[in-house]
Amino acid sequence: MALPRTTLEQWVVLQTVIEQGSFAQAATALNRSQSSVSYALSGLQERLGLPLLEITGRKALLTEQGRALLAQASPLISAFLQLEHRADGLRGGVRTELSLVVDSVFPKDRLFRALKAFQQQFPDTQVHLTEILRGESIEQLNERSADLYITTLAPENAIHGRFLLDVDFVPVAKSDHPLFQLPAPLSAEDLARFPLISVADRRSQRTENRATGQAANWTFTTVAAAMEAISVGVGYGWLPLGSIEKVLESGVLSRLMLAARTVRQTALYMVTDKESQNFDQTIGALSQCILAECEVLP
């Protein structure tokens, strides 16, 4: 393989001269002498065999060939600087990637604001996100294959997690569903006449039993699919309020008035290895971004 005739340093000098407008200003920006700037550019043009610059008054301008070549070199300069920035991070203990497991009912707006804030701090760290359903939480935690979890916990295990928030679930149906023609508040017997739409993992789908006298229930593996089914009138269901607020405002769905409680809550916790969080600055930073979005004081 032949070695390049030009160096990245020479292209950086050329880019700086154009950005600064002159050799003198480029020399100041690069903390070099003006003669070294001139030498670098002379060598670059000599090795390419092309004129890259023309001087108009005191201003340095690119030739047509210079514009074409610098446009191709600029992304390479940026990529190289990013490479060095990543190396600095690795030397300082920054992780190249993190895995995050999140319960699908965790509010998406908070999740992505937290991820954006983390990205601004660690732009070179990749985050691999996996969404799970409530029934999959125990299995995921037992595997311990992720760096950080946002999940439900059984009461006896809640001490092992950091409480984040309660997700409110409300009963809803399509606004013209027959349930709204019945006298309110609705009883359990009223609801049993119509399919219940719920979200369940595949294992729960296989083992679910149908109660006597109850309409055939439907289960889906995503909140979005369950919401779509309810929106077309397949049945009613309990959905996370944060995920359906816009649909409620549009009038497609409406909340049902029940004789029993009309809001159910699911607590979500953040779980991570304490040692990793204390000594791994990358995991610690992601944890803090999530806590900040949930307004949980450290």
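So, here is what we can say about the structure in this document. Note that the structure is a prediction, hence the values are computed from the model and not measured. (Residues numbered from 1 in each chain as written. Predicted model: local features only at pLDDT ≥ 70, side-chain atom pairs only at ≥ 80, totals over all residues. Heavy atoms only, no water.)

### Some points on the pattern of salt bridges
- A complete count under the given rule lists five salt bridges for this structure.
- Put simply, Glu9 and Arg32 hold a salt bridge, and the shortest N to O gap is 1.8 Å. With Glu9 in helix α1 (residues 8-20) and Arg32 in the loop between α2 (23-30) and α3 (34-48), this residue pair connects regions lying 23 residues apart in the sequence.
- For Glu9, a relative accessible area of 45% corresponds to the partly exposed category.
- Classification of Arg32 as partly exposed rests on a relative accessible area of 29%.
- In this structure, Lys108 engages Glu131 in a salt bridge whose closest nitrogen and oxygen atoms are separated by 2.8 Å. (Salt bridge = Lys/Arg side-chain N within 4 Å of Asp/Glu carboxyl O. Helix = DSSP H or I, 4+ residues; strand = E, 2+ residues; numbered from the N terminus. Buried < 20%, exposed > 50% of the residue type's maximum accessible area, 1.4 Å probe, protein only.)

### Things to note about the packing of aromatic side chains
- Counted under the stated rule, the structure contains three aromatic pairs.
- For the pair Phe163 and Tyr269, a centre-to-centre distance of 5.8 Å together with 75 degrees between the ring planes defines the contact as edge-to-face. Residue Phe163 is located in strand β6 (residues 162-174), and its partner Tyr269 is located in strand β11 (residues 264-272); the two are separated by 106 residues in the primary sequence.
- Assessed through its relative accessible area of 14%, Tyr269 is described here as buried.
- Sitting above the plane of the Trp238 ring, Arg264 keeps its charged end 3.7 Å from the centroid. (Phe/Tyr/Trp six-rings, centres within 6.5 Å; stacked < 30°, edge-to-face > 60°. Lys NZ or Arg CZ within 6 Å of the ring centre and 35° of its normal.)

### Regarding the packing of α1 against α2
- Where α1 meets α2, the axes come as close as 8 Å, and the angle between the chain directions of the two elements is 120 degrees. As α1 packs across α2, the resulting crossing turns out to be right-handed. Contact residues: α1 offers Val13, Thr16, Val17 and Gln20, while α2 offers Phe23, Gln25, Ala26, Ala29 and Leu30.
- Residue composition of the contact of α1 with α2, by class: six nonpolar, three polar and no charged. (Axes fitted to C-alpha atoms, helices over the stretch in contact; angles between N-to-C directions. Left-handed = near helix turned anticlockwise from the far one by under 90°. Contact = heavy atoms within 4.5 Å. Nonpolar A, V, L, I, M, F, W, Y, C, P; charged D, E, K, R; others polar.)

### Some remarks on helix α9 (residues 223-231)
- Among all positions in α9, only Val223, Ala226, Met227, Ala229, Ile230 and Ser231 are buried.
- Residues of α9 that are buried sit in contact with β6, β7 (196-199), β8 (218-220), β9 (236-240), α10 (241-250) and β10 (253-255).
- In the stretch just after α9, Gly233 is the one whose phi turns positive, near 95 degrees.

### Points about the nonpolar core
- If you look at the biggest cluster of nonpolar residues, it comprises 36 residues, and the most contacted ones within it are Phe106, Leu164, Leu256 and Ile290.
- Looking at which element gives the most residues to this core, the answer is helix α12 (residues 281-293), with six residues.
- Among the nonpolar cores identified, the runner-up in size contains 17 residues, and Trp11, Ala26, Val37 and Leu41 belong to it. (Core = buried A, V, L, I, M, F, W, Y, C linked by side-chain atoms within 4.5 Å.)

### Details of α10
- Among the residues of α10, Leu241, Ile244, Val247 and Leu248 are the ones counted as buried. For α10, the arc enclosing every buried residue in end-on projection is 120 degrees, short of the 170-degree limit, so these residues lie on one face. Along α10, exposed side chains directed more than 90 degrees from the buried face belong to Gly242, Lys246, Glu249 and Ser250.
- Buried residues belonging to α10 abut β6, α9, β9 and β10.
- Remark: Gly251 follows α10 within two positions and exhibits a positive phi of approximately 90 degrees. (Arc of directions from axis to C-beta.)

### What about the pairing of strand β5 (residues 148-151)?
- Residues Leu148 and Ile150 line one face of β5 and the alternating positions Tyr149 and Thr151 line the opposite face, and both faces are buried.
- Of the pairings in the sheet, the one linking strand β3 (residues 97-103) to β5 comprises three bridges and is parallel in character. Residue pairing across strands places Val101 opposite Tyr149, the latter belonging to β5.
- Of the pairings in the sheet, the one linking β5 to β11 comprises four bridges and is antiparallel in character. What sits directly across from Thr151, in β11, is Tyr269. (Pairing = 2+ DSSP bridges.)

### Some words on the pairing of strand β1 (residues 53-56)
- One ladder, built from four bridges, connects β1 with strand β2 (residues 59-62); its direction is antiparallel. Paired with Thr56 across the two strands is Lys59, which belongs to β2.
- Taking the residues between adjacent antiparallel strands as the criterion, β1 and β2 are bridged by two residues, where Gly57 takes a positive phi near 65 degrees.

### Considering the environment of Leu165
- In this fold, Leu165 is placed in strand β6.
- On the basis of relative accessibility, which here comes to 9%, the residue Leu165 falls in the buried class.
- For the pair Leu165 and Thr266, spaced 101 residues apart in sequence, the C-alpha to C-alpha distance is 8.4 Å.

### Comments concerning the side chain of His177
- Assignment of secondary structure puts His177 in the loop between β6 and α7 (188-192).
- With residues up to four places along the chain from it excluded, the contact list for His177 reads Phe194, Gly233 and Gly235.

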